[in-house]
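Residue-level structural notes
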Amino acid sequence: MTQTWTPEQTAQAMLDVFPNLGRLMHLRMRETGEEEATFMQMGVLARIQECRMTTSDLAKMRKVSLQSASVLVQALVDRGWLTRTPDPNDRRQQLLEVTPEGAERARAVHDQMIGLIAAVVQDLTPEELQAASVFLPALHRVITTQLHPNDVTEPLP
């Protein structure tokens, strides 16, 4: 018989699992030479692909200082993954756009992360995978209902 977890036990298990999953993904990406692109950079590229925005918009969305967002944006511009174009509505601002190379990089890293996670979960039993198919969409639903629409990140196609 399986034990029914309390919300607190579920929360603790998630806090135990997620950092280790992140570490494992980082290690696997380092092994393949893909560590040059950080998860944050890939998240920013994905978000800007959905909707062009200014660096100021990005700072507000990520709840970081304008300076931090500017450093992140500059790194992506330097790699050729983002460009800045004048905002037709405000000449003082520049809109960020993902370059074709940036879009391809984001897709490649996304696909690699899917492969890494799939390799980890392949050892789960069919019952455990079935439980995940119920739990994870439900968790996504309750989390997104508590976020502002601008804070919700949908998975890449």
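The present account deals with the structure reproduced in this document. Per-chain numbering applies: the sequence of each chain, read as written, is numbered from 1 onward. Residues qualify for local features only when their pLDDT is at least 70, as the model is predicted, and side-chain atom pairs are given and counted only at 80 or more; totals for whole chains, interfaces and linings, by contrast, use all residues. Water and hydrogen atoms were dropped before computing side-chain values, which therefore reflect all heavy atoms in the structure.

Under the scheme used here, helices are H or I runs from DSSP no shorter than 4 residues and strands are E runs no shorter than 2 residues, and both carry numbers assigned from the N terminus. When you go through the chain residue by residue, the secondary structure sums to six helices and two strands. Put simply, the chain runs from its N terminus to its C terminus through helices and strands in the order α-α-α-α-β-β-α-α. Counting every position in the chain, which comprises 157 residues, the buried fraction comes to 27%. The contact criterion used throughout is that any non-hydrogen atoms of two residues lie within 4.5 Å. Restricting to contacts in the chain with at least 6 residues of sequence separation, those with at least 24 account for 55%. Of the accessible surface of the chain, which amounts to about 10,900 Å², a share of 59% is contributed by carbon and sulfur atoms. Buried residues are those whose accessible area, probed at 1.4 Å on protein chains only, stays under 20% of the maximum for their type, while exposed residues exceed 50% and partly exposed ones sit between those limits. Each accessible area is a Shrake-Rupley result for a 1.4 Å probe, and residues are judged covered by the shown protein chains and nothing else.

On the secondary structure map, A75 appears in helix 4 (residues 66-78). For A75, a relative accessible area of 26% corresponds to the partly exposed category. Sequence spacing of A75 and Q41 is 34 residues, and the spatial spacing of their C-alpha atoms is 8.8 Å.

You can see W81 is positioned in the loop between helix 4 and strand 1 (82-87). Sequence separation between W81 and V98 is 17 residues; the distance between their C-alpha atoms is 5.9 Å. Within polar-contact distance, the side chain of W81 engages the side chain of E101 at 3.5 Å. Here a polar contact is recorded for every N or O atom pair within 3.5 Å, except that within protein the pair must consist of a potential hydrogen donor and a potential acceptor, and residues adjacent in sequence are included only if both atoms are side-chain atoms.

A word on a nonpolar patch on the surface. Taken together, the side chains of V120, V121, L124 and L129 define a hydrophobic patch exposed on the protein surface, amounting to about 260 Å² of accessible area. Along the chain, the position of L129 falls in helix 6 (residues 126-145). What makes L129 partly exposed here is its relative accessible area of 39%. Each patch is assembled from residues with relative accessible area greater than 30% and no salt bridge, linking like charges that lie within 9 Å and nonpolar side chains (Val, Leu, Ile, Met, Phe, Trp, Tyr) that lie within 5 Å. Whenever a carboxyl oxygen of Asp or Glu lies within 4 Å of a side-chain nitrogen of Lys or Arg, that contact is scored as a salt bridge.

Lines are fitted to the C-alpha atoms to define the axes, a helix being fitted only along its stretch in contact, and any angle between axes, read from their N-to-C directions, falls within 0 to 180 degrees. Packing of helix 2 (residues 39-50) against helix 4 brings their axes to within 11 Å, and their N-to-C directions diverge by 80 degrees. Of the possible angle classes, the one that applies to helix 2 and helix 4 is roughly perpendicular. Residues M40, Q41, V44 and L45 of helix 2 pack against L72, A75 and L76 of helix 4. For classification purposes, angles smaller than 35 degrees are called roughly parallel, those larger than 145 roughly antiparallel, those between 65 and 115 roughly perpendicular, and all remaining angles oblique.

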